[in-house]
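A look at the structure
Given next are the chains, with one letter for each unit.
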Amino acid sequence: MSEDSPLIRSLRTAVAAAPTDVPLRLHLAELLLNEGRADAAVAELAVALQHVPGDDQARQLMVRAVGAPQQAAPPAERSAPERSAPEQSTVGQPPGSRGRFDWRAAEQQVQDVVPPRFVETPARADGADDPGDAEAWDVERPGGVRLADVGGMQDVKDRLEAAFLAPLRNPELRRLYGKSLRGGLLLYGPPGCGKTFIARAIAGELGAAFLSVSVNDVLDMWIGNSERNMHEIFQTARRQAPCVVFLDELDALGGKRSRSAHGGMRNTVNQLLTELDGIDSAANEGVFVLAATNVPWDVDNALRRPGRLDRTLLVLPPDAPARESILRYHLRERPVENVDLARLAKATDGLSGADLAHLCEAAAERALLDSARTGTVRLIGMKDLLGAAKEISPSTDPWFASARNVAMFANEGGMYDDLIAYLKKRRKL
Ligand SMILES: Nc1ncnc2c1ncn2[C@@H]1O[C@H](COP(=O)(O)OP(=O)(O)OP(=O)(O)O)[C@@H](O)[C@H]1O
Ligand SMILES: [Mg+2]
């Protein structure tokens, strides 16, 4: 972000302390505008308009902001000691009188101004440029997301509570049940429907640190390294306990589908088994194992035996309340008006979380392109969102097509009973 003047910095602090104080935010936006920083002003105004969609002053400022020319290249590329150049700006021009506003860049910058809610930790800290970091794998400290942040999906939450959280939360119960509580939970379901999100929320519920690794990152082309990586992950978790180890893309261990390129895969699976079997020992107190996969039928059966990843949880496409909360999240910093989230949720049945994120982007693009074309600035409305919804088909369809076969012909031990029930309910079976 570009350097703030002291006044703007103070105002930002004040706004951060009182995020709902609209006049304060508008004042900040106006100052930013006067400094020729239309992009930053748009971001503030978008937030203000969320609170007071009809406010005249906010709207006028927004019109000014999106009609104002960019001060310069995006801030990241800007050379540091640049003079602010209000004299060049044509702030106050009627909207649409300039064709040079870079909509795409502005959208991106608006996104940048909003800190990401979930920090995507790279699975592995790059040891080369961070020799001071003792842990080879990145651990997120506790806090952040809780189950309450997961919109809807009440049945998933209930099952989690009963099968996983309640016994773990309670140390008395833990002691009482001892060994029968070891073992982890395997989340499965179509892509983009919240497995990773829920895993992080579980860590939040347990007040545990979160160590997320993609199994693909564990796999190393050097023989022996994958096993060592696997062991190091669990060692890291033990040091950081209480800690949730989240093994994403578990199927990459490809138990059933042998991958000739990876002769050492068997050893890596064995190493994981060793670590999992050790989970009930005293050294592993406070280490919880979660794993996720889109293709549970490719997961090595040995990993699913009792005491290992012996419980499964099906994570389905978001239900209506979940869609509402996903949509709310993705629209919260965009300049929208009169959005009926309940109606939109109804119109997006079957879409995954990832599809919904895409929908919000597509709707924003529509409004922006339209504004650019007509020269009249307008906010993102239901028309854009419903229009975008019509054009997006659920990305989970292919997944259900293969899941259907597996559920019908390979439902060993009733593992896919939940899936079958869902498919029947949706008349997909
Ligand atoms: N119930 C929900 N409430 C709020 N946000 C949700 C919910 N379900 C999913 N999301 C959001 O949807 C997006 C996709 O979810 P996530 O990445 O967890 O899916 P995934 O199942 O792990 O996907 P993949 O199989 O691609 O790894 C995320 O941005 C997540 O925050
Ligand atoms: Mg995921």
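Residues numbered from 1 in each chain as written. Chains lettered and ligands numbered in written order. Predicted model: local features only at pLDDT ≥ 70, side-chain atom pairs only at ≥ 80, totals over all residues.

Description of the overall build of the protein chain
Secondary structure assignment for the protein chain yields 17 helices and five strands. When the 429 residues of the protein chain are sorted by exposure, 37% land in the buried category. Restricting to contacts in the protein chain with at least 6 residues of sequence separation, those with at least 24 account for 74%. (Helix = DSSP H or I, 4+ residues; strand = E, 2+ residues; numbered from the N terminus. Buried ≥ 20, exposed ≤ 12 C-beta atoms within 10 Å, placed from the backbone. Contact = placed C-beta atoms within 7 Å.)

Structural notes on the sheet that holds strand S2 (residues 209–214)
Here five strands make up an open sheet; going across it, the order is S2-S3-S4-S1-S5 and the pairing parallel. Each end of this open sheet is capped by a strand with a single partner; those strands are S2 and strand S5 (311–314). If you compare each strand with its neighbour and ignore which way they point, the axes differ by 20° on average. By the bridge criterion, four bridges tie strand S1 (residues 185–188) to strand S4 (residues 287–293) in an arrangement that is parallel. Bridge pairing in S4 links Tyr188 to Thr293. Across the sheet, helix H8 (residues 195–206) lies against S1, S2, strand S3 (243–248) and S4, angled at about 170° from S4, the strand it touches most. In the packing of helix H10 (residues 225–240) onto the sheet, the strands contacted are S2, S3 and S4, and the crossing angle to S2 comes to about 170°. (Pairing = 2+ DSSP bridges. Axes fitted to C-alpha atoms, helices over the stretch in contact; angles between N-to-C directions.)

Overview of the packing of helix H2 (residues 22–34) against helix H3 (residues 38–51)
Packing of H2 against H3 brings their axes to within 8 Å, and their N-to-C directions diverge by 160°. Taken as axis vectors, H2 and H3 run roughly antiparallel relative to one another. The handedness of the crossing between H2 and H3 is left-handed. In this structure, H2 contributes Val22, Arg25, Leu26, Leu28, Ala29, Leu32 and Leu33 to the contact, and H3 contributes Ala38, Ala40, Ala41, Glu44, Leu45, Val47, Ala48 and His51. Taken together, the residues that form the contact of H2 with H3 break down as 12 nonpolar, one polar and two charged. (Parallel < 35°, antiparallel > 145°, perpendicular 65-115°, else oblique. Left-handed = near helix turned anticlockwise from the far one by under 90°. Nonpolar A, V, L, I, M, F, W, Y, C, P; charged D, E, K, R; others polar.)

Overview of the site of ligand 1
Close to ligand 1 lie 20 residues; Gly194, Lys195, Thr196, Phe197 and Gly353 are nearest. Residue assignment for the shell around ligand 1 shows that the elements contributing at least two residues are H8, helix H12 (320–331) and helix H14 (353–374). Here the shell around ligand 1 is composed, by residue class, of 11 nonpolar, eight polar and one charged. Both domains that meet at the shell around ligand 1, namely domain 2 (127–314) and domain 3 (320–391), each give it at least three residues. (Near = placed C-beta within 6 Å. Domains from an automatic or database assignment.)

So, the pairing of S2
With five of six residues buried, S2 lies mostly within the body of the structure. Sheet analysis places S2 next to S3, joined by six bridges and oriented parallel. Residue Ser214 lies in a different strand from S3, and its bridge partner there is Asp248.

Some thoughts on the packing of H12 against H14
Contact pair H12 / H14: the axes reach a minimum separation of 9 Å and the direction vectors enclose 40°. On the basis of their axis angle, the class for H12 and H14 is oblique. Relative to H14, the crossing made by H12 is right-handed. Two secondary-structure elements touch here, H12 through Arg323, Ile326, Leu327, His330 and Leu331 and H14 through Gly353, Leu356, Ala357 and Cys360. Taken together, the residues of the contact of H12 with H14 break down into six nonpolar, two polar and one charged.

Points about the environment of Gly54
For Gly54, the position within the fold is in the loop between H3 and helix H4 (56–67). Distance in space between the C-alpha atoms of Gly54 and Glu337 is 8.3 Å, their sequence separation being 283 residues.

With respect to the nonpolar core
Core analysis: the largest hydrophobic core is formed by 78 residues, its most contacted members being Leu187, Leu211, Ile233, Val244, Val245, Leu250 and Leu290. Taken together, domain 2 (127–314) and domain 3 (320–391) each give at least three residues to this core, which thus spans both. Ignoring sequence-local partners within four residues, the contact set of Leu187 consists of Lys195, Ile198, Ala199, Leu290, Ala292, Leu313 and Val315. (Core = buried A, V, L, I, M, F, W, Y, C linked by C-beta atoms within 7 Å.)

Considerations on the pairing of S1
Neither face of S1 is left uncovered, since the one carrying Leu185 and Leu187 and the one carrying Leu186 and Tyr188 both have all their residues buried. In this structure, S1 lies alongside S5, joined through four bridges in parallel fashion. By the bridge assignment, Leu185 is partnered in S5 with Arg311.

Concerning H3
Over its 14 residues, H3 extends 20 Å from the first C-alpha to the last, a length consistent with the 20 Å expected when each residue adds 1.5 Å. Within H3, 12 of the 14 residues are buried, which leaves it mostly tucked inside the rest of the structure. Within the sequence span of H3, burial applies to Ala38, Asp39, Ala40, Ala41, Val42, Ala43, Glu44, Leu45, Ala46, Val47, Ala48 and Leu49. (Expected span 1.5 Å × (residues − 1).)

Re H12
Here H12 is 12 residues long and its end C-alpha atoms lie 16 Å apart, about the 16 Å a rise of 1.5 Å per residue gives. Those residues of H12 not exposed but buried are Ala322, Arg323, Glu324, Ser325, Ile326, Leu327 and Leu331. Along its buried surface, H12 packs onto helix H13 (341–346) and H14.

Quick notes on the confidence of the model for the protein chain
Residue-level pLDDT values for the protein chain average 80, and 78% of them are 70 or greater. Across the protein chain, H13 holds the top mean pLDDT of 96, while helix H5 (residues 103–113) sits lowest at 56. Counted against residues more than four places away or in other chains, residues 72–99, with its pLDDT under 50, gives 43 contacts. Note on residues 256–261: pLDDT is under 50 here. Beyond four places in sequence and across chains, it has five contacts. (pLDDT = per-residue confidence, 0-100.)

A short note on unusual backbone geometry
Where the residue is not glycine, phi is negative for most of them; where a peptide bond is considered, it is trans in most cases. In the segment running from Ala241 into Pro242, the intervening peptide bond is cis, with an omega of 0°. If you check the backbone angles, Asn338 has positive phi at about 50° while not being a glycine. Here Asn338 lies in the loop between H12 and H13. A positive phi angle is found at Arg427, which is not glycine, with a value near 55°. Secondary-structure assignment places Arg427 in the segment after helix H17 (417–425).

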